[in-house]
Structures are given as structure tokens and as C-alpha cells.
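Take a look at the letters that make up each chain.
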Amino acid sequence: MPANKKLLFLPGDGIGPEVMRQVRRVIDWMDRKRKVTFDVTEGLVGGAAIDAHGTPLTDATLADALAADAVMLGAVGGPKWDNPSDYMKRPEAGLLRLRKELGLFANLRPATVFDALVDASTLKPEIIKGLDIMIVRELTGGVYFGEPRGIEDLPNGERRGVNTQVYTTSEIRRVASVAFELARKRSNKVHSMEKANVMESGLLWRQEVTKLHQEQYSDVTLEHMYADNGAMQLLKNPKQFDVIVTDNLFGDILSDEAAMMTGSLGMLPSASLGAADANGNRKALYEPVHGSAPDIAGKDLANPCATLLSFAMALRYSFNLDDDAKTLEKAVQNVLAGGMRTADIMAPGMARCSTTVMGDSILRELDKLSS
Ligand code: NAD
């Protein structure tokens, strides 16, 4: 277990502080019961940072993020900051700068269906019961960043919009290695998705993933799939997948598709990882997939599970505390199985509860599981 457990907390805006408070309670619980202590620093990001400092991420907070072993983020944004005079003063700009400066190139989005929420999905229970897949999306390259880009006026009076899909060997290899490493700790299977049939960048992707697999990961089962077929297969038979690795654009779409099979935004965690240092440690940011939900902010209504499950990912991927991650995930699962529901996942016959009561119930369950 690494001795240093420096965690930067960035609650952000809207429901961010409310859901992050529940993570704090779990950290305090771990300190008390498990004698696992985190060195937690808290900072501002997004609208909260704009209000306090005139910028969505100060250099000092960025320095804290770079010095931390992991960053836990709530959410940013809200109507108050929706129309900034300066584009760089959007709350999201703070998050984007954080991702860029930390070099977070691999976005991990699990799609897990808890038995208790099997009916929340729009898919048939037999298709998604027990689903547990991980999508690894390349986050810093590809068509969202490639040059040339822009909108230009043509001599004939038309306009032309251009974006460029571009990947290099090293960009492909580093994200594929994250996928292979993850697969080794799961069911040892990777599906790599691209469009090698119609895109040269996809062909290179396929060649480089194959080469890396032969060189370093031949113990892992590798299959290639065209991304459009992948989108269909995800709906038809999602349980055939373990880890899926894909580029930025396809990953954006496929991870949302996979996530929504689980039914609720309030349940979806994520992690973004950077390059490994000499000790194998990576810069990392953990955050729920949902936004700041201004419509319910400050009302103790938000579902804290996505953020708690993001913290479980931090325990697993940044702190090597796999057993604690499993215990926290099990506690969430058991509380849901017991019928406790925040409004977003409410179903007939279940007990509706607040953010705080959901947190109370998860802490009680943690007590039970660790006694
Ligand atoms: P949103 O995810 O904030 O909310 C969408 C809907 O889901 C809302 O009805 C909301 O009440 C509900 N919801 C979301 N999370 C929930 C939770 N934990 N518990 C219960 N209900 C939940 O998306 P939006 O409304 O499109 O955006 C609101 C603000 O959040 C915007 O300013 C947007 O830019 C920002 N945003 C931030 C992030 C981020 O910080 N990573 C991501 C998406 C959106």
C-alpha cells in the first residue's frame, strides 16, 4: 500500500458539494474503523472558483492537483455562469485545464448493473442483469483535437467545416496498455473498436493495438471490432464484453450508450488516468458522470452513489485498496437491495430518501460489512 495518500477534493458547484460530503464521511469512517488515513486538501473549481478568484481554476489549485495522488471532483457549472463575457471563464474551462495539465489521456467509464436496479434500464432484464463492463476512451487525442480544424469560407460562397482525426503510435499504445492492464485485473478480455475498414487512423489503431498485444499482453484475449458493430453488439449482447478500448470520438458515444443501459445518471462513476511514473503511479481524477444538477442543488435530493462509486475507483486505481473499494461498492449495492432510493432512482414499493440518509445507510452498511 503506498504510504502517501494525498487526495485533493474539488467539490465544485451545484450538487457537487452535497455528494462530495458523503465521500468525506466515508473517508472519516475509514480513518476511524480501518485506520486508513488520507491527507485531504480542499480547493475550488468551476463557478465557485470564478466567484472567489475570477478564474475557474487557479494556478495554486492546479499545483495542488499536480502534487496530489488523486483528485476527487464533484461537478461544475450552473446558470449563474452560463454566459461569460470571456470564453475562458466558463466553469468547464477549469475542468478542461485540469484534465490537460494532468495529462489524463485514459477515461474509464464502467457500466455496471446492480441487481436492485435491473428494472431501471430500458433493456430487458435478461440482457443486462449482472452487466459489468469497462469502457476505456482515449481522451486527449483524435478528432476533437486534430489540426487542421475550423470553419472556412469557400470562393464559391459555400462554407466548409473541418476536423481532423489523427493518432500517433504512442497515443494508441498508452491507452491500449491501460485497457490491457485493467483486463488482467478483470476477466482478461479486451475489445478494441475503430473503423479500420474506412479510416487510416483506424487501421493504424488496429495495427498498433495488435503489435502491443503480441509484445506485452498475449495472455489477454484481444478482439477487434468495427465501432458501428460495437454499438449494435452493446445493445444486443453487452455481456460478451469485459474491457472496450476505443478512440475519443467513438468512446464518447459508446460510453454514453453503455452507461445508459444501467438506467441512471446518479449511479455512474468515472476515472481519468494519466501516464504511469517510475513507480507505476498515475495522475488521476475521479468524478461522477453527472453534472451539477442545478434543478435539485441545495435540497439534499441528489444521489451520492455515482460520487461514492468514483471514490471506490480511486481506492482501487490510485491507492491499491481493492478490498476497501469492493466493500464500498458492496455497501452501495446492499443499501439499494434493501430498498433505499433517492428520487432519481425511485421505484414503486421502495423507500425514498435524501442524500444524507443515503449516506447514513451506506455508512451503516459499511459498519455491518466490516464487523
Ligand atoms: P446534469 O447531469 O447536471 O443533470 C441532468 C438531470 O439529471 C437533471 O434533472 C438532474 O437533476 C439529474 N441528476 C444529475 N445528477 C443527479 C444526481 N446525482 N442525483 C439525482 N439527479 C441527478 O446535466 P445538465 O442539466 O445538462 O447540466 C447542468 C450543469 O452541469 C450545466 O452547467 C452543465 O454544463 C454542467 N455539467 C457539468 C459536468 C461536469 O462537471 N463534469 C457534466 C455535465 C454537465
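Residues numbered from 1 in each chain as written. Predicted model: local features only at pLDDT ≥ 70, side-chain atom pairs only at ≥ 80, totals over all residues. Heavy atoms only, no water.

Enquirer: Can you help me understand helix α11 (residues 322–337) in this one?
Expert: One full turn of an α-helix is made of 3.6 residues, so residues set three or four places apart face in the same direction. A rise of 1.5 Å per residue sets the reference length of α11, with its 16 residues, at 22 Å; its end C-alpha atoms lie 22 Å apart and thus fit the reference within 8%. When we look at burial in α11, the residues that qualify are Asp324, Ala325, Leu328, Glu329, Ala331, Val332, Val335 and Leu336. All buried residues of α11 fall inside an arc of 150° around its axis, so they share one side. Relative to its buried face, α11 has exposed residues pointing more than 90 degrees away, namely Asp323 and Ala337. Contacts from the buried residues of α11 go to α1 (16–34), α10 (305–317), β13 (340–341) and α12 (355–370). (Helix = DSSP H or I, 4+ residues; strand = E, 2+ residues; numbered from the N terminus. Expected span 1.5 Å × (residues − 1). Buried < 20%, exposed > 50% of the residue type's maximum accessible area, 1.4 Å probe, protein only. Arc of directions from axis to C-beta. Contact = heavy atoms within 4.5 Å.)

Enquirer: Please clarify how the packing of aromatic side chains should be interpreted in this entry.
Expert: Aromatic rings considered in pairs are described by the distance between their centres and by the relative angle of their planes. This model, assessed by the stated rule, comprises four aromatic pairs. Taking 5.3 Å as the distance between ring centres and 75° as the angle between the ring planes, the aromatic pair formed by Tyr167 and Trp205 counts as edge-to-face. Residue Tyr167 is found in the loop between β7 (159–162) and α6 (169–184), and its partner Trp205 is found in helix α7 (residues 200–216); the two are separated by 38 residues along the sequence. As far as burial versus exposure is concerned, Tyr167 and Trp205 are alike and both buried. Between Phe180 and Tyr217 the ring centres are 4.8 Å apart and the planes differ by 20°, which places this aromatic pair in the stacked class. Pair noted here: Phe180 is in helix α6 and Tyr217 is in the loop between α7 and β9 (221–226), with a separation of 37 residues, a long-range link. Comparing Phe180 with Tyr217, the two get one shared label, buried. These aromatic residues form a ring-pair network of at least three members: Phe38, Phe311 and Phe319. (Phe/Tyr/Trp six-rings, centres within 6.5 Å; stacked < 30°, edge-to-face > 60°.)

Enquirer: Just to check I follow, could you spell out the sheet that holds strand β5 (residues 132–138) for this structure?
Expert: Sheets are built from strands that pair by backbone hydrogen bonding, the pairs being arranged parallel or antiparallel. Spatial strand order, β2-β1-β3-β12-β11-β4-β5-β10-β8-β9: 10 strands in an open sheet with mixed pairing. In the strand order of this sheet, the two ends are held by β2 (39–42) and β9, each with one partner. Across the sheet, the mean angle from the axis of one strand to that of its neighbour is 20°, orientation sign disregarded. Against the sheet, helix α3 (residues 59–67) contacts β1 (6–12), β2, β3 (70–75) and β12 (282–288), and its axis sits at roughly 140° relative to β1. Contacts from helix α9 (residues 248–260) reach β4 (106–112), β5, β8 (189–194) and β10 (243–246), with the element oriented near 155° to β5. (Pairing = 2+ DSSP bridges. Axes fitted to C-alpha atoms, helices over the stretch in contact; angles between N-to-C directions.)

Enquirer: I'm lost on the domain arrangement of the chain in this one. Help?
Expert: Taken domain by domain, the chain comprises domain 1 (1–110 + 266–371) and domain 2 (132–261). Of note, the centres of domain 1 and domain 2, computed from C-alpha atoms alone, are 26 Å apart. Opposite the 14 residues of domain 1 that make contact, domain 2 presents 16 residues. At the boundary of domain 1 with domain 2, total buried surface from both sides reaches about 1400 Å², with 64% on carbon and sulfur atoms. (Domains from an automatic or database assignment. Buried area = accessible area lost by both parts, 1.4 Å probe.)

Enquirer: Is there a simple way to think about the nonpolar core in this case?
Expert: Generally speaking, soluble globular proteins have nonpolar side chains that are buried together. Judged by nonpolar contacts, the single largest core of 64 residues is most densely connected at Phe38, Leu108, Val136, Phe311 and Ile362. For this core, the domains that each give at least three residues are domain 1 (1–110 + 266–371) and domain 2 (132–261). Judged by nonpolar contacts, the second largest core, of 18 residues, contains Val113, Ala227, Leu234 and Ile244. (Core = buried A, V, L, I, M, F, W, Y, C linked by side-chain atoms within 4.5 Å.)

Enquirer: Would you explain the site of the ligand in this entry?
Expert: With respect to spatial proximity, 20 residues lie near the ligand, and among them Glu92, Gly291, Ala293, Asp295 and Asn303 are the closest. Contact between the ligand and Asp295: an oxygen atom at 2.8 Å from a side-chain N or O atom of the residue. For the ligand, whose unbound accessible area comes to 810 Å², protein coverage reaches 67%. Of the residues assigned to the shell around the ligand, the class counts are nine nonpolar, seven polar and four charged. (Near = heavy atom within 4 Å. Polar contact = N/O pair within 3.5 Å; in protein donor to acceptor, adjacent residues only side chain to side chain. Areas by Shrake-Rupley, 256 points an atom, 1.4 Å probe, with all protein chains shown as cover. Nonpolar A, V, L, I, M, F, W, Y, C, P; charged D, E, K, R; others polar.)

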